[in-house]
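Survey of secondary and tertiary structure
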Amino acid sequence: MNKELFSELNDFTQKGFSLLYPALAELIPMKPSQRKELPHACRELSEYLTTEREMLSRPYWTNPRLLSAYFHYFLMWNLIRLCKLFPQINLGTIPPKCTFADLGSGPLTIPLALFLSRKDLHKKEITFICADIAPQPLQIGRNLFEILRQKLAPECLWKIEIVRAPNHKILRQIHTPVSLITMGNVLNEGDEKKKISTFEQIRHIYDMACQVLDDTGKIFVVEPGTRQGARMIQILRTLVTEEIQELDEFEDVDEEIGEVETSENGWAENAFEDEKEEAPHQIISPCPHAVSCPLTRQFHKQNAWCHFNTETAFIPKELKELSQKAGLDKESVSLSYLYLAKKELAEKLLKQEQSEHKARIISDAFVVPHYKGRARYACHEKGLLLILDSTHLPMGTLCDVRFPAKITRDFKSKAILCMPADSKYKNLKEIEQIQTVTDKKTDTAKQKSLKTQKTSAKNIKKETRTNKNIKQNTDKMIAKNKTTKRNTSLSKEKTKAKRIFNK
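Presented here is a report on the structure given in the accompanying data block. (Residues numbered from 1 in each chain as written. Predicted model: local features only at pLDDT ≥ 70, side-chain atom pairs only at ≥ 80, totals over all residues. Heavy atoms only, no water.)

1. Describing the overall build of the protein chain
Scanning the protein chain for helices and strands turns up 14 helices and 15 strands. Here the protein chain, with 503 residues, has 48% of them falling under the buried criterion. Contacts spanning at least 24 positions in sequence make up 77% of the contacts within the protein chain whose residues lie at least 6 apart. Surface exposure of the protein chain reaches about 27,700 Å², of which carbon and sulfur atoms provide 51%. (Helix = DSSP H or I, 4+ residues; strand = E, 2+ residues; numbered from the N terminus. Buried < 20%, exposed > 50% of the residue type's maximum accessible area, 1.4 Å probe, protein only. Contact = heavy atoms within 4.5 Å. Areas by Shrake-Rupley, 256 points an atom, 1.4 Å probe, with all protein chains shown as cover.)

This is the structure we're talking about:
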């Protein structure tokens, strides 16, 4: 049985979104001139969060323009992607009275998304400890939550506590066992100016989080579906699974996240000092296994990273208009995430999910030469899969697959070829496109053309290199001749001066 990762927004959630912009008009009032400036502020903040990341060192929460831009644009898109994901996340049995901790809470994005998408949790007495270093977004976020609760679900028993503190401090201050720790865009916006690497910062947060969780403790971390966000999730995954990574897999880490601590044999150290001690958590989602990530190599060599896209059928009218004016409109949202649980609980949740031996779709559909239909890449305990005839499986779907009797790999990606369990085809041969004589001639001609182009490119490089060497040698000869002439001239002048002096 296949299970999709994202769901459509239900009526309750859509009603909540219809109340958000009127609530923001009350909490963050704007003059006509400020409203006119809002699209420009959204574009400026987008650049800070993506291409001009060095600007993150400046507290954009203290800038009224950027604060307003975040609430009206970024908060809304973050809520949409999380509200599509949370209904499909199995939180297990939540105690009637418990504590959740949201680190780097900002405007309470994750608590708001849970409120809008998980109506089943409203009857639980949940205390949310929401921590961030900026007090203003926390206060506005709490007021926004109270407005939504009053108008949507006054019976909701949740309690919101806001704390102004960095992540490491709040984790030390929590003395009540926590059932769920959430982090949204926390790892991605870490302090890049610190002397310790991002790897060490993530390890420190994870180790401290493990200490405050109760017996049913779970951790949910979500980042943007960008290369940078996926890299942060990948680092956390290596810590959770206690993977020992070869250094060449982190070859570009020095520039991006600092150096990884290594042992004498040149391998990266485990997350936990005691090699015999098992990692306290197990991955529930999205990974359908706990073995080495098949995208680790592709991350560097083929520019691939683990993220999930989903189309947005529902977009609030105000958000759509603002996005278009800012030139930041989108038809889909993306994210990278990791959901963990303590080992014993994880085994129960995985049985409920029935994810054993299943594959997770991790790409859009694309054409594979010589095969019918479209294919998608997928993550599996056997490694990277290329699932043929899988157009009907949306990105993120957890699905059953069928393998051929003889393992066949894709020439380009080295992924194992297979098909969905519900495919109408019995084997790979039935999916193969029969090549005509013309097709074969065309393929041969293409291969010859590519070979000629490669040879031509090599010859051009070789010729360029030769010309460069000739020019360098010529320049050296000219410089040498100039030096010789200069020395000869100086020698003559010295001789002439001696003669005059002797006379």
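2. Details of the pairing of strand β2 (residues 125-132)
Of all eight residues in β2, seven are buried, a share of seventy percent or more. After leaving strand β1 (residues 97-103), the chain enters helix α4 (residues 109-117) and then returns to the sheet as β2, a path that is right-handed. The pairing of β2 with strand β3 (residues 159-164) spans six bridges and is classified as parallel. Bridge pairing links Phe-128 to Ile-160 in β3. The β-α-β motif built from β2, the intervening helix α5 (residues 135-152) and the parallel element β3 has right-handed crossover chirality. (Right-handed = clockwise from strand over helix to strand, strands pointing away. Pairing = 2+ DSSP bridges.)

3. Comments concerning a negative patch on the surface
Taken together, the side chains of Glu-311, Asp-329, Glu-331 and Asp-364 define an acidic patch exposed on the protein surface. Within the element layout of this structure, Glu-311 appears in strand β7 (residues 308-311). Given the relative accessible area of 64%, Glu-311 is considered exposed. (Patch = residues over 30% accessible without salt bridge, like charges linked within 9 Å, V, L, I, M, F, W, Y side chains within 5 Å. Salt bridge = Lys/Arg side-chain N within 4 Å of Asp/Glu carboxyl O. Lys, Arg positive; Asp, Glu negative; His and termini not counted. Charge placed at Lys NZ, Arg CZ, Asp CG, Glu CD.)

4. Some thoughts on the packing of helix α7 (residues 198-212) against helix α8 (residues 227-240)
Axis separation between α7 and α8 bottoms out at 10 Å; the angle between their running directions is 55°. Between α7 and α8, the crossing angle belongs to the class labelled oblique. For the element pair α7 and α8, the recorded crossing hand is right-handed. Residues Thr-198, Phe-199, Ile-202, Arg-203 and Tyr-206 of α7 lie in contact with α8, whose contacting residues are Met-232, Ile-235, Leu-236, Thr-238, Leu-239 and Val-240. Residue composition of the contact of α7 with α8, grouped by class: eight nonpolar, two polar and one charged. (Axes fitted to C-alpha atoms, helices over the stretch in contact; angles between N-to-C directions. Parallel < 35°, antiparallel > 145°, perpendicular 65-115°, else oblique. Left-handed = near helix turned anticlockwise from the far one by under 90°. Nonpolar A, V, L, I, M, F, W, Y, C, P; charged D, E, K, R; others polar.)

5. Some points on the state of the cysteines
Using the criterion set out here, one finds zero disulfides in the structure. Not engaged in a disulfide, the cysteine Cys-418 finds its nearest cysteine sulfur in Cys-399; these two sulfurs lie 7.8 Å apart. Classification of Cys-418 as buried rests on a relative accessible area of 0%. (Disulfide = S-S within 2.5 Å.)

6. A word on the side chain of Asn-185
Topologically, Asn-185 is positioned in the loop between β4 (178-184) and α7. For Asn-185, a relative accessible area of 14% corresponds to the buried category. Within the local environment of Asn-185, its side chain forms a polar contact with the side chain of Arg-81, the two groups lying 3.2 Å apart. When sequence neighbours within four positions are dropped, the list of residues in contact with Asn-185 reads Tyr-70, Asn-78, Arg-81, Val-222, Glu-223 and Pro-224. (Polar contact = N/O pair within 3.5 Å; in protein donor to acceptor, adjacent residues only side chain to side chain.)

7. Side note on the nonpolar core
Of all hydrophobic cores here, the largest spans 99 residues; its most connected members are Leu-45, Phe-115, Trp-158, Phe-220 and Tyr-337. Take this core: its biggest share by element is 15 residues, from helix α3 (residues 64-85). In this structure, Tyr-337 is in contact with Leu-5, Leu-85, Ile-89, Phe-220, Val-221, Val-222, Ile-233, Ser-285, Pro-286, Phe-308 and Arg-360, ignoring residues within four places of it in sequence. With 34 residues, the next largest nonpolar core counts Val-178, Leu-187, Cys-287 and Leu-338 among its residues. (Core = buried A, V, L, I, M, F, W, Y, C linked by side-chain atoms within 4.5 Å.)

8. So, the packing of aromatic side chains
For the structure shown, the criterion picks out 15 aromatic pairs. On the numbers, 6.2 Å between centres and 55° between planes, the contact of Phe-308 with Tyr-337 is tilted. Separated by 29 residues along the polypeptide, Phe-308 in strand β7 and Tyr-337 in strand β8 (residues 332-342) bring together distant segments of the chain. Phe-308 sits in the buried class, given a relative accessible area of 1%. For Tyr-337, a relative accessible area of 2% translates into the label buried. (Phe/Tyr/Trp six-rings, centres within 6.5 Å; stacked < 30°, edge-to-face > 60°.)

9. A word on α5
End to end, α5 covers 26 Å across 18 residues, agreeing with the expected 26 Å (1.5 Å per residue, within 8%). When we look at burial in α5, the residues that qualify are Pro-137, Leu-138, Ile-140, Gly-141, Leu-144, Phe-145, Ile-147, Leu-148, Arg-149 and Leu-152. Among the structural elements, α1 (11-27), α3, α4, β2 and β3 are those in contact with the buried residues of α5. (Expected span 1.5 Å × (residues − 1).)

10. Brief notes about unusual backbone geometry
Note that the residue after Ser-285, namely Pro-286, is joined by a cis bond; omega there is 5°. When you line up the elements, Pro-286 lands in the loop between β6 (281-285) and α10 (295-301). Of note in this structure, Leu-108 is not a glycine but carries a positive phi near 65°. As for its position among the elements, Leu-108 is in the loop between β1 and α4.

11. Quick look at α7
Its 15 residues give α7 an end-to-end C-alpha distance of 22 Å, which sits within 8% of 21 Å, the value for a rise of 1.5 Å per residue. Of the positions making up α7, those classed as buried are Thr-198, Phe-199, Glu-200, Gln-201, Ile-202, Arg-203, Ile-205, Tyr-206, Met-208, Ala-209, Cys-210 and Val-212.

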